[in-house]
Amino acid sequence: MQKIVSAPKIMMGKPVISGTRITVELILEKLAAGETPQQILEAYPRFSDEGIKAALAFAAQALRYDVVYPTIEKTSYGINSVIC
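Keep in mind it's a predicted model, so treat the numbers as computed, not measured.

## What to know about the packing of helix H1 (residues 24-32) against helix H3 (residues 49-64)
Step number 1: Here H1 crosses H3 at 100°, and the two axes come no closer than 9 Å. Classified by the angle between their axes, H1 and H3 sit roughly perpendicular to one another. Here Val24, Ile27, Leu28 and Leu31 of H1 lie close against H3, whose contacting residues are Ile52, Ala55, Leu56, Phe58 and Ala59.

## Topic: the pattern of salt bridges
Step number 1: Inspection of the entire model under this criterion finds three salt bridges.
Step number 2: Ionic pairing is found between Lys14 and Glu25, a salt bridge with its closest N-O pair at 2.7 Å. Highlighted residues: Lys14 in the loop between strand E1 (4-5) and strand E2 (16-17) and Glu25 in helix H1, separated in sequence by eleven residues.
Step number 3: Overall, the relative accessible area of 36% leaves Lys14 in the partly exposed class.
Step number 4: Lys30 is paired through a salt bridge with Glu35; the nearest N and O atoms lie 3.3 Å apart.

Rules behind the numbers
- Residues numbered from 1 in each chain as written.
- Predicted model: local features only at pLDDT ≥ 70, side-chain atom pairs only at ≥ 80, totals over all residues.
- Heavy atoms only, no water.
- Axes fitted to C-alpha atoms, helices over the stretch in contact; angles between N-to-C directions.
- Helix = DSSP H or I, 4+ residues; strand = E, 2+ residues; numbered from the N terminus.
- Parallel < 35°, antiparallel > 145°, perpendicular 65-115°, else oblique.
- Contact = heavy atoms within 4.5 Å.
- Salt bridge = Lys/Arg side-chain N within 4 Å of Asp/Glu carboxyl O.
- Buried < 20%, exposed > 50% of the residue type's maximum accessible area, 1.4 Å probe, protein only.

Worth remembering: the numbers are spatial, not functional.
Written out as structure tokens, the structure reads:
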């Protein structure tokens, strides 16, 4: 299985799929924009389905460590408040 690595001299330290310069961020953005895994694989021939799974697993694990998810909500007085 491909793994996620980070090195200061590769893509400014952003997490990438090992052996590539494809960032986890790029994979997530493409999936969020509606691209299919197949379309991503066609655009990056050196990439594999395992890389997409590794990126998703990395993102899930990174979010698991965050405890507070603040949101901004408009009150009945029209004032924005941060809810934690």
